[in-house]
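Descriptive analysis of the structure
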Amino acid sequence: MSVAMKRKAIIAGNVELAQDVYSMWLDAPDIASEAKPGQFVSLYSRDGSKLLPRPISICEIDKQQGKVRLVYRIAGNGTREFAGMAATEWIEAMGPLGNGFNLEGRKALLIGGGIGIPPMLELAKQLICEKQIVLGYRDITFLEEEFEAYGKVFISTEDGSKGTKGNVIDAINENQLEADIIFACGPTPMLRGVKAFATEKNIKAQLSLEERMACGIGACLGCVCKSKEIDHHSNVKNKRICKEGPVFYSEEVEL
Amino acid sequence: MSVAMKRKAIIAGNVELAQDVYSMWLDAPDIASEAKPGQFVSLYSRDGSKLLPRPISICEIDKQQGKVRLVYRIAGNGTREFAGMAATEWIEAMGPLGNGFNLEGRKALLIGGGIGIPPMLELAKQLICEKQIVLGYRDITFLEEEFEAYGKVFISTEDGSKGTKGNVIDAINENQLEADIIFACGPTPMLRGVKAFATEKNIKAQLSLEERMACGIGACLGCVCKSKEIDHHSNVKNKRICKEGPVFYSEEVEL
Amino acid sequence: MNTSVTLAGITFKNPVTTASGTFGSGMEYSEYVNLSQLGAVTTKGVSNVPWSGNPTPRVAEVYGGMLNAIGLQNPGVDMFIKRDIPFLRKYDTKIIVNVVGKTTEEYCDVVERLADQDVDMLEINISCPNVKEGGIAFGQDPKCVEEITSELKKRAKQPIIMKLSPNVTDIGEMAKAAQAGGADALSLINTLTGMKIDIHRRAFLLANKTGGLSGPAVKPVAVRMVYQVAQAVKLPIIGMGGIATAEDALEFIMAGASMVAVGTANFINPGVTAEVVEGIEAYMKQYGVNDIKDLIGCVK
Amino acid sequence: MNTSVTLAGITFKNPVTTASGTFGSGMEYSEYVNLSQLGAVTTKGVSNVPWSGNPTPRVAEVYGGMLNAIGLQNPGVDMFIKRDIPFLRKYDTKIIVNVVGKTTEEYCDVVERLADQDVDMLEINISCPNVKEGGIAFGQDPKCVEEITSELKKRAKQPIIMKLSPNVTDIGEMAKAAQAGGADALSLINTLTGMKIDIHRRAFLLANKTGGLSGPAVKPVAVRMVYQVAQAVKLPIIGMGGIATAEDALEFIMAGASMVAVGTANFINPGVTAEVVEGIEAYMKQYGVNDIKDLIGCVK
Ligand SMILES: Cc1cc2nc3c(=O)[nH]c(=O)nc-3n(C[C@H](O)[C@H](O)[C@H](O)COP(=O)(O)OP(=O)(O)OC[C@H]3O[C@@H](n4cnc5c(N)ncnc54)[C@H](O)[C@@H]3O)c2cc1C
Ligand SMILES: Cc1cc2nc3c(=O)[nH]c(=O)nc-3n(C[C@H](O)[C@H](O)[C@H](O)COP(=O)(O)OP(=O)(O)OC[C@H]3O[C@@H](n4cnc5c(N)ncnc54)[C@H](O)[C@@H]3O)c2cc1C
Ligand SMILES: Cc1cc2nc3c(=O)[nH]c(=O)nc-3n(C[C@H](O)[C@H](O)[C@H](O)COP(=O)(O)O)c2cc1C
Ligand SMILES: Cc1cc2nc3c(=O)[nH]c(=O)nc-3n(C[C@H](O)[C@H](O)[C@H](O)COP(=O)(O)O)c2cc1C
Ligand code: FES
Ligand code: FES
């Protein structure tokens, strides 16, 4: 039987980090023991009207304590329900799911945009090479101090209220950052920008993608992205984000 | 605006009285201030998959404290959810609904069968005439001591484990009870028996009926019973149990 | 901000009405909602003589919705005219009367008797799944739809709305038939035929065996059908099926409905109609929409 | 206690299978459920060549269910034969292969290529609402249903199950057409066509605009259709649509289904199929039912 079994997990803490952004620790030793940076967990509503999973990336893993941390933004009724939950309550969770990042490279650029920032934290902790961390926000920032222990942090905000005014690529350019590997997670337009940048600079890039999911385990074919080559499993130019992904090398996928 | 507005009410207590039978006190001053014995409250599930109300009779009214008591049996998923709720949690409730008993007579027989027993308690408290209380159970009894303050209590059990072996009519016959008014609530076969008994003895009888409901306020026509005469509202021989009832004189309705 | 809509020459202060049969004649809900806040009240189906409906149980809860087999119990058109129209006229709202019959003659009879009454529109229910004769039988065959529509159109003094059944292969075809018959508007959807079995008693839950499915569970089918019909005909549409929030209502409007009706949700929250009205206004404010008409059918 | 059922000469250890497209080819779920516990595994629709399906988003959550517009992405029958059949044959369960095509020829092609394969039954999907050609177009006209059934019956070596669409006026008529064409069994229901609109983006949620509604929300419609078909024809029925518990499965069985398939519920609880098998056994024990056949169609 799989370790990714769906189970009730006790919430070990759930606090608001910034407006509508929450940080939840789950007491889930089996998830923690298997989890890798870049993988995700499916969370389930307790309301029978909302049946599908909410995929949330793993932000931190505490193997000692058997806990994983999820940082999420209220985007609709499901995440709103989670935000209202308190420590000691249970939540149904399945994971760890997906492939996770490949730990590689000597000088890395970790790029997170918006709610794509959280998975970069555990990656930053586990990646042992030199790290430059670029975090892009619309306006209000969160989590950025927690990154400081792991590398130099560069910030971009769309409104210019902090760091570079603009997006993550603007921050990279402004700071003339160089690297031999890129790890990125964020909205698709940002990932497109990162892919273009990586191609231009000829840097290898691992991108974490997002798509609506139903099963979360590779069975429904709901969450595919377009791949450059015919995929081994699907036998067509589609890859399942929940199974082959969510992390892909930039040249593997079309965005 | 109606006093029967749907609202959140805080649960002031919720304890198991007997196997699968629970007693819940609701902190609901507006319900308490208007409620009469024989009326009911619609309780709502917090799960979006279960939308319709669960009608539950009012068992006791505490006007001073602004509380009402509901005693209910776990019959399915809705009542199971209620049974799992704890004091200080909220529940959505609408009421008081329905007509309630007419307080009348000089020598009364209060007859409750199974989960039809609870509404008899507030009636017993408010009815000032001489009272004989007949409670019919399958096997396990509940609430019976609480009736003792208000009149002589007679018990029937189907398995004979307590009181008369048989049903409420057997208990009435065994104890040769007489009355000029009957109040009864219980399963339809019991009410049929009570109606036959009342007709034979020529005693006036108020019967509290039950039917599946949707609106609970007289709009959907889901909960009708057959009436002897053309009903004033429906213009056919149907009466709405949630509105004209749940209490009817035995000669008004066909069972 | 303009929330008013005009259908077949009748102007409604806002696009929200009630789904027939879920709001009585407004009386019971008037204790929960100020009826003058609603664009219109659509009343329970009324027939030429009183109908007593089906045996009980008539309603059953199902996942995310309910089944009903009321069987169109109603006090008949005479009592309706005497009691319910004057009651509703006390409010500043339009009146849409839902009409039922077992035969074309019976439908015609009701429509004729309502001709001189002070009501704004007639909604013709040719889609009730819970009666043996009439109802849905008329609504599943385009020829019948066209015929009954044109018969009624001849006799009606008020604009007529044909209420379509979702229990068909191609609702667009039915809509076209109603249009060909001269309908002034369409309303959809009526309920989907469903069934529930009590596995412990090994019996049907409803005395009528089958019942009409309504509530949030049917919304995706209803939105699809509204969109489909909006592409098929030019007639204004009253959209319904599972509306419980302003967001739901806006889905129907964006799919092409000029008005929306709130049904089963009334049973769960008796104040819901007013909340839907207010929620639509709040949405328009949030997004700077000056006229609700800009939202009708805006998603293509 | 006997839970085995026989359909068209094939005996299944219990009446529980998976709904096509919700269980892949069993591979992913084999980590959650011992496939040997199931009466059969019904695989995702397979076509003569690989299909890449529709653009994303392909799935959307709706109240009590979901919409999907996968568009029958599949690796094609060759890869299926090479990879998936050998995988499934490792388990002590029957294999039902769901077959799709854009034309009668394509369906025939797949059926012929499966003729000598070690699979137990073929389920012909003439009811997919998410592809432009083929699929549902075959399933909404009784003549087409009969024709394609008889064409396939000529070529198939395994018994064939025709999978019917609920998006029709009279599913009994489609069932009769399939029977006339020589079908060995029927399965129903496929998904109901639905739509969801994102009112904030003012756009369809699915790239395909419409999608198939599945999950608990559709169960009452599915149970009704199974009952209706059971009254209309003699063929054994595989019932599906919203089954998430043993109680749900028993409703279908009592309405007339000889087998049941669990679909969308797998996405919510990957271990659900085994729970349904165990729950049916528990029910039989509780009520002293010795043979599941005594429950099939017991509610009339
Ligand atoms: C691999 C992956 C990792 C993610 N990690 C995070 C994270 O760490 N933190 C975070 O805040 N968000 C993350 N998301 C996005 C998150 O899944 C959605 O914000 C969330 O599902 C919204 O649920 P809701 O009920 O609040 O919104 P609703 O809009 O009410 O949800 C309705 C349905 O749509 C789905 N949905 C809505 N938005 C998205 C989306 N952007 N991506 C996928 N499905 C969506 C929901 O899961 C649900 O099934 C991730 C998404 C993916 C695919
Ligand atoms: C006027 C009235 C007063 C009642 N008073 C009490 C009381 O004081 N204590 C008590 O324990 N029970 C009482 N009942 C019965 C109670 O309403 C049902 O037991 C309860 O609704 C079951 O809900 P469920 O979700 O547990 O069961 P489920 O079977 O899962 O319910 C499914 C649906 O059926 C309805 N339903 C199921 N059984 C009944 C029933 N017997 N009567 C009406 N609707 C039903 C539910 O309300 C719900 O809509 C009363 C019923 C009525 C009509
Ligand atoms: C209890 C009940 C009674 C109904 N009675 C009628 C009726 O008399 N005439 C009619 O045209 N539709 C009737 N309907 C159908 C509704 O008007 C509406 O079309 C359907 O319920 C879908 O909307 P909803 O999901 O919002 O309830 C009835 C529905 C319910 C639930
Ligand atoms: C994601 C998804 C994919 C599906 N793919 C197929 C398919 O390939 N072939 C088919 O016949 N039915 C397909 N279906 C329909 C299901 O087999 C089933 O008929 C339907 O979902 C109703 O059952 P449910 O409510 O239990 O899911 C699919 C359904 C879903 C949700
Ligand atoms: S969500 Fe089902 S395959 Fe990815
Ligand atoms: S429950 Fe609606 S009329 Fe009584």
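Just so it is clear, the structure is predicted and the values come from calculations on it, not from any experiment.

Side note on the overall build of chain C
When its secondary structure is counted, chain C shows nine helices and 16 strands. A compact globule built from 300 residues should have a C-alpha radius of gyration of about 19 Å, and chain C, at 18 Å, falls within 12% of that. Projected onto its principal axes, the C-alpha coordinates of chain C cover approximately 55 × 45 × 40 Å. Buried positions account for 69% of the 300 residues belonging to chain C. The contacts in chain C between residues at least 6 apart in sequence include a share of 71% that link residues at least 24 apart. Accessible surface, chain C: about 9100 Å² in total, of which carbon and sulfur atoms supply 48%. For chain C, the distance from the average site of its 28 positive side-chain charges to the average site of its 31 negative ones is 3 Å.

Brief notes about the domain arrangement of chain A
Residues and elements named next belong to chain A. In terms of domain boundaries, chain A breaks down into domain 1 (6-97) and domain 2 (107-210). If you average the C-alpha positions of domain 1 and of domain 2, the two centres end up 23 Å apart. At the junction of the two partners, domain 1 supplies 14 residues and domain 2 supplies 13 residues. With both sides pooled, the region where domain 1 packs onto domain 2 buries about 1200 Å², and carbon together with sulfur makes up 64% of that total. Looking at the side of domain 1 facing domain 2, the largest losses of area belong to Pro37, Cys59 and Arg73, adding up to 34% of the total buried there. Measuring nitrogen to oxygen at the nearest pair gives 2.9 Å for the salt bridge that ties lysine 125 to glutamate 60. When residues of the side of domain 1 that touches domain 2 are traced back to their parent elements, those giving at least two are strand E1 (6-18), strand E4 (54-62) and strand E5 (67-73).

Side note on the pattern of salt bridges
Evaluated as defined, the whole model comprises 64 salt bridges over all chains. For aspartate 231 of chain A, the salt bridge identified is with lysine 239 of chain A, shortest N-O distance 2.9 Å. Lysine 239 of chain A carries the same exposure label as aspartate 231 of chain A, and that label is buried. In this structure, glutamate 151 of chain D engages arginine 155 of chain D in a salt bridge whose closest nitrogen and oxygen atoms are separated by 2.9 Å. One end of the pair is glutamate 151 of chain D and the other is arginine 155 of chain D, both in helix H4 (residues 142-155) and four residues apart, which spans about a single turn. Exposure remark for arginine 155 of chain D: the relative accessible area of 29% places this residue in the partly exposed category. Bridged by salt links that share partners, the residues Glu60, Arg69, Glu122, Lys125 and Glu146 of chain A form one connected network.

Quick word on the site of ligand 1
Of all residues adjacent to ligand 1, which total 21 residues, the nearest are Arg54, Pro55, Thr79, Glu210 and Arg212 of chain A. Surrounding ligand 1 are residues belonging to chains A and D, so the site spans chains. Within the backbone of valine 71 of chain A, a nitrogen or oxygen atom sits 3.0 Å from a nitrogen atom of ligand 1. Protein chains bury 87% of the 820 Å² of accessible surface belonging to ligand 1 in isolation. Taken together, the elements giving at least two residues each to the shell around ligand 1 come down to E4, E5 and helix H2 (77-83) of chain A. Looking at the shell around ligand 1 element by element, the count peaks at four residues for E4 of chain A. Its residues assigned to classes, the shell around ligand 1 comprises 10 nonpolar, five polar and six charged.

A word on the interface of chain A and chain D
Contact residues are listed per partner, giving 35 residues for chain A and 37 residues for chain D. When chain A packs against chain D, the two sides together hide about 2900 Å² of surface, and 60% of this comes from carbon and sulfur. Taken together, the links from chain A to chain D amount to two salt bridges. The salt bridge partner of arginine 240 of chain A is glutamate 28 of chain D, with a shortest N-O separation of 2.8 Å. Run the count over chain A and chain D and you get 12 residue pairs in polar contact (both at pLDDT 80 or more). Residue assignment for the side of chain A that touches chain D shows that the elements contributing at least two residues are strand E6 (90-97), strand E13 (224-227) and strand E14 (238-240) of chain A. Taken together, the residues of the side of chain A that touches chain D sort by class into 17 nonpolar, 10 polar and eight charged.

Looking at the relation of the copies chain C and chain D
Mapping between the two copies of the chain is achieved by a rotation about an axis and a shift along the axis. Between chain C and chain D, the superposition needs a rotation of 180 degrees and an axial shift of 0.0 Å, giving an RMSD of 0.0 Å. In the structure described here, the two chain copies are related by an operation that fits a two-fold rotation axis.

Thoughts on the site of ligand 3
Residue and element names in this part refer to chain C. Around ligand 3 there are 24 residues in total, and Ser20, Lys163, Gly215, Gly242 and Thr264 lie nearest to it. In this structure, asparagine 125 approaches ligand 3 through a side-chain N or O atom, which is 3.0 Å from an oxygen atom. The fraction of the free accessible surface of ligand 3 (600 Å²) that becomes covered by protein chains is 98%. Looking at side-chain class alone, the shell around ligand 3 contains seven nonpolar, 15 polar and two charged residues.

Topic: the pairing of strand E16 (residues 259-262) of chain C
Residue and element names in this part refer to chain C. What you see with E16 is no split at all: Met259 and Ala261 on one side and Val260 and Val262 on the other are buried throughout. The pairing of strand E15 (residues 237-240) with E16 spans three bridges and is parallel. Its bridge partner being in E16, glycine 239 is matched across the sheet by valine 260. Between E15 and its parallel partner E16, the chain crosses via helix H7 (residues 246-255), and the hand of that crossover is right-handed.

Some details on the interface of chain C and chain D
How big an interface is tends to be expressed through the accessible area that disappears when the partners come together. Each side of the interface is counted separately: chain C has 41 residues, and chain D has 41 residues. For the pair chain C and chain D, the summed buried surface comes to about 3700 Å²; carbon and sulfur atoms form 67% of the total. If you look at where chain C meets chain D, you find zero salt bridges. The interface formed by chain C and chain D includes 17 residue pairs in polar contact (both at pLDDT 80 or more). Those elements giving two or more residues to the side of chain C that touches chain D turn out to be strand E11 (192-195), strand E13 (203-204), strand E14 (210-214), helix H6 (219-232) and H7 of chain C. Residues that form the side of chain C that touches chain D fall into these classes: 26 nonpolar, eight polar and seven charged.

Comments concerning the state of the cysteines
Taken as a whole and assessed by the stated rule, the structure comprises zero disulfides over all chains. For cysteine 59 of chain B, which is in no disulfide, the shortest distance to another cysteine sulfur is to cysteine 185 of chain B and amounts to 11 Å.

Thresholds applied
- Residues numbered from 1 in each chain as written.
- Chains lettered and ligands numbered in written order.
- Predicted model: local features only at pLDDT ≥ 70, side-chain atom pairs only at ≥ 80, totals over all residues.
- Heavy atoms only, no water.
- Helix = DSSP H or I, 4+ residues; strand = E, 2+ residues; numbered from the N terminus.
- Rg over C-alpha atoms; globule rule 2.2 N^0.38 Å.
- Buried < 20%, exposed > 50% of the residue type's maximum accessible area, 1.4 Å probe, protein only.
- Contact = heavy atoms within 4.5 Å.
- Areas by Shrake-Rupley, 256 points an atom, 1.4 Å probe, with all protein chains shown as cover.
- Lys, Arg positive; Asp, Glu negative; His and termini not counted.
- Charge placed at Lys NZ, Arg CZ, Asp CG, Glu CD.
- Domains from an automatic or database assignment.
- Buried area = accessible area lost by both parts, 1.4 Å probe.
- Salt bridge = Lys/Arg side-chain N within 4 Å of Asp/Glu carboxyl O.
- Near = heavy atom within 4 Å.
- Polar contact = N/O pair within 3.5 Å; in protein donor to acceptor, adjacent residues only side chain to side chain.
- Nonpolar A, V, L, I, M, F, W, Y, C, P; charged D, E, K, R; others polar.
- Least-squares fit on C-alpha atoms with pLDDT ≥ 70 in both.
- Pairing = 2+ DSSP bridges.
- Right-handed = clockwise from strand over helix to strand, strands pointing away.
- Disulfide = S-S within 2.5 Å.

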